[in-house]
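Report on the structure
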Amino acid sequence: MKEKTDSVLTKDGWFATGDVGQWRLDGKLQIVDRKKNIFKLAQGEYIRPEYIENVYKLSCFVGNIFVHGNSTETYLVAVVWPDMEVMEGWCRQNGLGHIAKSTADIIKSDTVKQAIRADMAKIAKREELTGFEKVKRIHLIEEDFTIDNGLLTSTMKLKRNVARDMFKEAITAMYAQAAQSKL
């Protein structure tokens, strides 16, 4: 299928997969995102959401995360599924033992949310995310992203359009909250 082959090969012979990569110090190419996932914020910065999500997943509190932004906003927001095993232990150690077994209560707790945000901020600083790559608001959810709830593909990749639609109300609320507080 010469026509299809020609459409994915560049003039200098590179195979265009749609992945975004970076050269590592050891000379290897590391895939860091998908071209179709990259978007621009209002001030013109390009955002690589998968890269940012992987940075935040370094936090022991973050079980899964969906980073969202758009061209009418100047910052990012995120939907976070806390690692409930970690959160249960953390709640017991931090005077919140009464909610440790309740996922619903854990995600409603301002203390839990502040702890997650603080750890995410620490990770962002350590991993040297730039200001526009840092998430400004988070929304906690009870259920992880799965194939069954429609948020993951069969290859375990996040369906961004489905996540955006599913969490539209939460995203709108996070941006409204930020507008009221002037960040």
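Check the entry above for the structure.
Anyway, here's the lowdown on the structure attached to this text. Here, residues in each chain are numbered from 1, in the same order as that chain's written sequence. Local features in this predicted model are restricted to residues whose pLDDT is 70 or higher, and side-chain atom pairs enter the listing and the counts only when it is 80 or higher, whereas totals over whole chains, interfaces and linings include all residues. Excluded from the side-chain calculations are hydrogens and water; all other atoms, namely the structure's heavy atoms, are used.

**Description of a nonpolar patch on the surface**
Patch membership is restricted to residues that have no salt bridge and whose relative accessible area is over 30%. Joining uses 9 Å for like charges and 5 Å for the nonpolar side chains Val, Leu, Ile, Met, Phe, Trp and Tyr. Every accessible area reported is derived by Shrake-Rupley at a probe size of 1.4 Å, with residue values counting cover from the shown protein chains alone. Throughout this description, the term salt bridge denotes a Lys or Arg side-chain nitrogen within 4 Å of a carboxyl oxygen of Asp or Glu. Taken together, the side chains of Trp14, Trp23, Leu29 and Ile31 present a nonpolar region at the surface, about 500 Å² in accessible area. Note on placement: Ile31 falls in strand 2 (residues 29–34). Strands are runs of DSSP state E lasting at least two residues, helices are runs of H or I lasting at least four, and both sets are numbered from the N terminus onward.

**Some thoughts on the sheet that holds strand 6 (residues 76–82)**
The strand order across the open sheet formed by three strands is 5-6-7, and the pairing between neighbours is mixed. Two strands bound the open sheet, and with one partner strand each, they are strand 5 (62–68) and strand 7 (135–140). Averaged over all pairs of adjacent strands, the angle between their axes in this sheet comes to 30°, without regard to strand direction. By this definition, two strands are paired if DSSP reports at least two bridges between them. Where strand 6 and strand 7 come together, five bridges link them in parallel fashion. Each bridged residue has a counterpart across the sheet, and for Val79 the counterpart in strand 7 is His139. Helix-sheet contacts for helix 2 (residues 49–56) involve strand 5, strand 6 and strand 7, and the interaxial angle to strand 5 is about 150°. Axis lines are fitted to C-alpha atoms, over the contacting stretch for helices. Their N-to-C directions set the angle, which ranges from 0 to 180 degrees. By definition in these notes, contact holds between two residues if any of their heavy atoms fall within 4.5 Å.

**Description of unusual backbone geometry**
In this model, Glu128 sits at a positive phi of 60°, which is unusual for a non-glycine residue. Mapping Glu128 onto the fold places it in the loop between helix 5 (110–126) and strand 7. Only protein chains enter the accessibility calculation, which uses a 1.4 Å probe. A residue is then buried if its area is under 20% of the maximum for its type, exposed if over 50%, and partly exposed in between. For Glu128, a relative accessible area of 67% gives the class exposed. At Met156, a residue that is not glycine, the phi angle is positive and equals roughly 65°. Relative to the elements of secondary structure, Met156 occurs in the loop between strand 7 and helix 6 (160–166).

**Things to note about the packing of aromatic side chains**
Stacked, tilted and edge-to-face are the three classes applied to pairs of Phe, Tyr and Trp rings, where Trp contributes its six-membered ring and a pair requires centres within 6.5 Å; stacked means planes under 30 degrees apart, edge-to-face means over 60, and tilted covers the rest. The tally for this structure, following the rule as stated, stands at three aromatic pairs. For the ring pair Phe61 and Trp90, a centre distance of 6.1 Å and an interplane angle of 85° mean the geometry is edge-to-face. Here Phe61, found in the loop between helix 2 and strand 5, pairs with Trp90, found in helix 3 (residues 84–93); they are 29 residues apart in sequence, far enough to count as distant. Here Phe61 falls in the buried class, since its relative accessible area comes to 9%. Residue Trp90 is classed as buried on the basis of its relative accessible area of 16%. With 5.1 Å between their ring centres and 55° between their planes, Tyr75 and Tyr175 make a pair best called tilted. Placement of the pair is Tyr75 in the loop between strand 5 and strand 6 and Tyr175 in helix 7 (residues 168–181), with a sequence separation of 100 residues. Both residues of the pair, Tyr75 and Tyr175, belong to the buried class. To sit over a ring, a charge needs its Lys NZ or Arg CZ within 6 Å of the ring centre and within 35 degrees of the ring normal. One residue, Arg48, lies across the ring of Tyr51, its end atom 4.1 Å from the ring centre.

On their own, these measurements won't tell you what the molecule is for.
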